[in-house]
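Understanding the architecture of this molecule
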Amino acid sequence: METSLVKDNPLLLPLNKEKTIYDGFITVQERDFRIRIHLPPDRQVARSRLHCCWRLKHLLRGYEHIVKQVNSASSTKPSFSLSLQEVGLKSFPECRSIPPPQYYSQLISEMETLGWAKLLFINTEFQTLRLKAEDSSGREHILTIKLKSKHPAEAPECSADLPIPLLITWTPQSTLDQLYNQFLLVLESLTKFWDVLDEIDSKTWILEPEKPSRSDTMRRIAVGNNVSIKVEVDPRHPEMLPECCLLGAEHAVTPLRNKLNANMHLWNPDSSVLHNLRDVLEIEFPSPATHEKSTFSVECGICYSYRLEAAIPDHVCNDPRCGQPFHQACLYEWLRALPSSRQSFNIVFGECPYCSKPITVKMAAQKS
């Protein structure tokens, strides 16, 4: 029984010049499993590690005393004995048993129907695919598909850069072509949403996010020096009034907030979001055609940089004669270090580092 459990001479190939990492396959109970062996620099087997999947680890339990001989295939590949007890089996979840031959023939057949031109990438295991697609406005999107070993009996995992969950219907009779067509329908349902954001991106100065992705629903738009508006567009109802939050010094934000509240009834779903924002706020947004972005990229008055990781200076001194912006984290740490500052719950009260007028800041959010 012991000799029939594992076939001798597993296929192992070195992966580096030092020949301390070997990768290959071993046959156990008529099934092929991938294994990887890591040798220390001195190539002492006693301190080697064998990486394998949990299924192989389970099958070999109780057979650790069996010594396997890895024979050299050439004079450049050293021979050594591997004791499964010495190397200590270790879980290697990336290793899976090889899919059956019909898996590959099925995949090739489905790709022939779908069209190879749509394939951007496929990994060496032929289980992760990236397909390209275009929406009706010509924007390119990427669909990532992770196939299961029992494809098509098991539903694949699908992901894409979308503002909504990607929900795909799958049955054992489904094909990649049908999945791809479902993805195209999802893209079409979001075309209006992306049209709205593309217009905002091209005709205004966007402060955040720095590099918007197709899944981002928020835009922070520059209104003036140290004044901006954050809008959150609903992907399913992009033409409706978005959530709006005005940011900046109170003396500059209050008039805009009053106009927003007074003119909200003028919102016209048949007009673009940008056009509506102009009408409701009674302003013209600075644009790349009329202003340089540096006009709005004012450095933090404490750290003298614009971006602090992902944050920009969004806390402004309310004194009209000052208006100096700060990163929330910088201002919080600055005020907390001053003996004259006081704290109440999560708010610190102190003086502006520039004009000494009263200023407050909330405790910086803790990173998860």
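Residues numbered from 1 in each chain as written. Predicted model: local features only at pLDDT ≥ 70, side-chain atom pairs only at ≥ 80, totals over all residues. Heavy atoms only, no water.

Going by an unreviewed UniProt entry, the chain carries the name E3 ubiquitin-protein ligase FANCL and comes from Sparus aurata. Turning to the chain, the UniProt annotation filed under Pathway (unreviewed entry) states: "Protein modification; protein ubiquitination." Word for word, the UniProt comment on the chain under Catalytic activity (unreviewed entry) is "S-ubiquitinyl-[E2 ubiquitin-conjugating enzyme]-L-cysteine + [acceptor protein]-L-lysine = [E2 ubiquitin-conjugating enzyme]-L-cysteine + N(6)-ubiquitinyl-[acceptor protein]-L-lysine." (UniProt positions renumbered as here; feature names shortened; annotations may be inferred.)

1. Notes on the sheet that holds strand 18 (residues 342-344)
In space, the three strands of this open sheet follow the order 18-19-20, with antiparallel pairing throughout. A strand with exactly one partner marks an edge of an open sheet, and here the two such strands are strand 18 and strand 20 (358-362). Across the sheet, the mean angle from the axis of one strand to that of its neighbour is 25°, orientation sign disregarded. Where strand 18 and strand 19 (residues 347-351) come together, three bridges link them in antiparallel fashion. In the strand pairing of strand 19, Arg342 is matched with Phe349. (Pairing = 2+ DSSP bridges. Helix = DSSP H or I, 4+ residues; strand = E, 2+ residues; numbered from the N terminus. Axes fitted to C-alpha atoms, helices over the stretch in contact; angles between N-to-C directions.)

2. Section: the pattern of salt bridges
Enumeration over the complete set of coordinates arrives at 14 salt bridges. For Arg36, the salt bridge goes to Asp23, with nearest N and O atoms at 2.7 Å. On the criterion of sequence distance, the pair formed by Arg36 in strand 3 (residues 31-38) and Asp23 in strand 2 (residues 21-28) is long-range, its members being 13 residues apart. Note that Arg257 and Glu250 form a salt bridge whose closest N and O atoms lie 3.0 Å from each other. (Salt bridge = Lys/Arg side-chain N within 4 Å of Asp/Glu carboxyl O.)

3. Notes on the packing of aromatic side chains
Tallied over the full model, the rule gives four aromatic pairs. Aromatic pair Tyr104 and Phe126: ring centres 6.1 Å apart, planes at 85°, arrangement edge-to-face. Taken as a pair, Tyr104 in helix 4 (residues 101-114) and Phe126 in the loop between strand 8 (119-122) and strand 9 (128-134) lie far apart in primary sequence, 22 residues in all. What makes Phe126 partly exposed here is its relative accessible area of 38%. For the pair Phe193 and Trp194, a centre-to-centre distance of 6.3 Å together with 55° between the ring planes defines the contact as tilted. Relative accessible area serves as the criterion here: at 0%, Phe193 is assigned to the buried category. Cluster of aromatic residues (ring-pair linked, three or more members): Tyr103, Tyr104 and Phe126. (Phe/Tyr/Trp six-rings, centres within 6.5 Å; stacked < 30°, edge-to-face > 60°. Buried < 20%, exposed > 50% of the residue type's maximum accessible area, 1.4 Å probe, protein only.)

4. Description of unusual backbone geometry
The amide bond that connects His151 to the next residue, Pro152, takes the cis arrangement and shows omega of 5°. With respect to the secondary-structure elements, Pro152 resides in the loop between strand 10 (140-146) and strand 11 (157-160). In this structure, Pro209 follows Glu208 across a cis peptide bond, with omega equal to -10°. Structurally, Pro209 can be placed in the loop between strand 12 (206-208) and strand 13 (218-224). Positive phi is not limited to glycine here, since Glu282 has a value of about 55°. For Glu282, the position within the fold is in the loop between helix 8 (273-281) and strand 16 (315-316). Phi is positive for Ser356, which is not a glycine, with a value near 65°.

5. Quick notes on the nonpolar core
Ranked by size, the top nonpolar core spans 45 residues in total, and within it Leu162, Ile200, Ile221, Ile229 and Phe285 carry the most contacts. Two domains each donate at least three residues to this core, and these are domain 2 (103-190) and domain 3 (204-293). For Ile221, the contacting residues outside a window of four places in its chain are Ile200, Thr204, Trp205, Ile206, Ser228, Ile229, Val231, Leu277 and Phe285. If you look at the next biggest cluster of nonpolar residues, it comprises 13 residues, including Leu12, Phe33, Ile35 and Leu39. (Core = buried A, V, L, I, M, F, W, Y, C linked by side-chain atoms within 4.5 Å. Domains from an automatic or database assignment. Contact = heavy atoms within 4.5 Å.)

6. A look at the side chain of Asp23
Accessibility expressed as a relative area gives 13% for Asp23, which makes it buried. Side-chain polar atoms of Asp23 contact the side chain of Arg34, separated by 3.2 Å. Among the polar contacts made by the side chain of Asp23, one reaches the side chain of Arg36 at a distance of 2.7 Å. (Polar contact = N/O pair within 3.5 Å; in protein donor to acceptor, adjacent residues only side chain to side chain.)

7. Overview of the side chain of Arg220
Of note, Arg220 is situated in strand 13. Take Arg220: its relative accessible area is 5%, and that puts it in the buried class. Side-chain polar atoms of Arg220 contact the side chain of Ser228, separated by 2.8 Å. What Arg220 contacts, discounting residues up to four positions off in sequence, is Trp205, Ile206, Leu207, Glu208, Ser228, Ile229, Lys230, Leu247, Ile312, Pro313 and Asp314.

8. Structural notes on the sheet that holds strand 13
Pairing is antiparallel across the open sheet formed by four strands, whose spatial order is 12-13-14-15. Only two strands of the sheet have a single partner each, and these edge strands are strand 12 and strand 15 (243-248). On average, each strand axis in the sheet is inclined to that of its neighbour by 35°, with strand direction left out of account. Pairing analysis gives six bridges linking strand 13 to strand 14 (residues 227-232), with the strands arranged antiparallel. Counterpart to Met218 in the pairing with strand 14 is Glu232. Along the sheet, helix 6 (residues 191-203) contacts strand 12 and strand 13; its crossing angle with strand 13, the most-contacted strand, is approximately 35°.

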